[in-house]
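# Reading the structure
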Amino acid sequence: MSIYYDMRENPNPEKDGNQKPLHPRAVSKGTIKADKIVDAIAQRTGFSRGEIQGVLEEYTQEMLLRISEGYNVEWGTLGTLSPKLKAKRQVMTKSEIRSPSISVSGLNFKGSAWLSRQLNFDLERSESGFNNSTPYGAIYRRKLLEQYLDENPYIKRTDYSKLTGQLKNKAIQQLNEYVEQGVLIRLGRGNQTEYRRATQPAAAEK
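Below you will find a few notes about this structure. Fair warning: this is a prediction, and the values are worked out from it, not measured in the lab.

## Observations regarding the layout of surface pockets
What the second largest pocket holds in volume is close to 280 Å³. Ranked by residues supplied to the lining of the second largest pocket, first place goes to helix α2 (residues 49-68) with 8 residues.

## Comments concerning the sheet that holds strand β2 (residues 22-26)
The strands that make up a sheet pair up through hydrogen bonds in the backbone, lying either parallel or antiparallel. Within the open sheet, the 3 strands sit side by side as β2-β1-β6. Their pairing is mixed. Across the chains shown, the open sheet's two edge strands, defined by having one partner strand only, are β2 and β6 (123-125). Between one strand and the next, the sheet's axes are offset by a mean angle of 45 degrees, whatever the strand orientation. In terms of strand pairing, strand β1 (residues 3-9) meets β2 through 5 bridges, oriented antiparallel. Residue pairing in the sheet places Asp-6 in a bridge with Arg-25 of β2.

## Examining the packing of aromatic side chains
Applying the stated criterion across every chain yields a total of 2 aromatic pairs. On the basis of an interplanar angle of 90 degrees and a centroid distance of 6.1 Å, the ring pair of Trp-75 and Phe-109 is categorised as edge-to-face. Separated by 34 residues along the polypeptide, Trp-75 in strand β3 (residues 73-75) and Phe-109 in strand β5 (residues 102-111) bring together distant segments of the chain. The class for Phe-109 is partly exposed, based on a relative accessible area of 43%. With a centroid separation of 6.4 Å and an interplanar angle of 80 degrees, the aromatic rings of Tyr-160 and Tyr-178 are classed as edge-to-face. Here Tyr-178 lies in helix α6 (residues 168-180) and Tyr-160 lies in helix α5 (residues 157-164), a separation of 18 residues in the sequence. Look at Tyr-160 and you get buried, because its relative accessible area is 0%.

## Overview of the sheet that holds β3
Ordered by their spatial adjacency, 3 strands build an open sheet running β3-β4-β5, and the pairing between neighbours is antiparallel. Looking at which strands have only one partner, the edges of the open sheet turn out to be β3 and β5. The average angle at which neighbouring strand axes cross in this sheet is 40 degrees, direction not considered. For β3 and strand β4 (residues 79-87), the ladder comprises 3 bridges, and the chain directions are antiparallel. Across the sheet, Trp-75 pairs through a bridge with Gly-79, a residue of β4. Sitting on the sheet, α2 is in contact with β3, β4 and β5, with an inclination near 150 degrees to β3.

## Description of the packing of helix α4 (residues 138-151) against α5
It is at 10 Å that the axes of α4 and α5 come closest, and there the two elements cross at 125 degrees. The angle between α4 and α5 places the two elements in the oblique class. Viewed along their axes, α4 and α5 form a crossing whose handedness is right-handed. Together, Arg-141, Leu-144, Leu-145 and Tyr-148 of α4 and Asp-159, Tyr-160, Leu-163 and Thr-164 of α5 make up the contact between the two elements. Of the residues in the contact of α4 with α5, the class split is 5 nonpolar, 1 polar and 2 charged.

The rules behind these values
- Residues numbered from 1 in each chain as written.
- Predicted model: local features only at pLDDT ≥ 70, side-chain atom pairs only at ≥ 80, totals over all residues.
- Heavy atoms only, no water.
- 1 Å grid on protein atoms, 1.4 Å probe; cavity = no way out; pocket = protein on both sides within 12 Å on 5 of 7 lines; lining within 4 Å.
- Points joined across faces, edges and corners; volume = space filled by probe spheres on them.
- Helix = DSSP H or I, 4+ residues; strand = E, 2+ residues; numbered from the N terminus.
- Pairing = 2+ DSSP bridges.
- Axes fitted to C-alpha atoms, helices over the stretch in contact; angles between N-to-C directions.
- Phe/Tyr/Trp six-rings, centres within 6.5 Å; stacked < 30°, edge-to-face > 60°.
- Buried < 20%, exposed > 50% of the residue type's maximum accessible area, 1.4 Å probe, protein only.
- Contact = heavy atoms within 4.5 Å.
- Parallel < 35°, antiparallel > 145°, perpendicular 65-115°, else oblique.
- Left-handed = near helix turned anticlockwise from the far one by under 90°.
- Nonpolar A, V, L, I, M, F, W, Y, C, P; charged D, E, K, R; others polar.

Structural data, given as structure tokens:
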């Protein structure tokens, strides 16, 4: 078994539509519930399901207790948990805020050196990618579209989705926007719908 990954575009704070470099991100196959982990441990060991659940619950409660007392807590050999704090408002000096305006918003996790040595997993590129659209900028999507239509007389929604990483509804929305802008014309209906350039580019002079 491998970890699937896909490539995503880096965030674009400027929102200028320009393409940003891509980075790899794991594509989750789902979430394994605690009950399934307990069952797997019970099958491999001589411990009963109830015993394993009892130990896990006590271990969890003890970790939370120690964190509430101000300690960082080791989570087995995986790493260390520590409290993550959040202020209700921004301040410039320490005297501007008191403890009632600060809360624990979650937990930080720092992996151990042992964990780092165990992470040599097999990786495989995902064929389907994420269940959301790739956030390519509008300028880059338009560039991909123009390049595709330079080599093909028309483009279908499925082609556009593969080309730009957009899911079905997002792809239809963007193609319809190109139609409204006069960039494309829409021909056909349903699965036979195709999009062509509204005006063909001028032929190169000989």
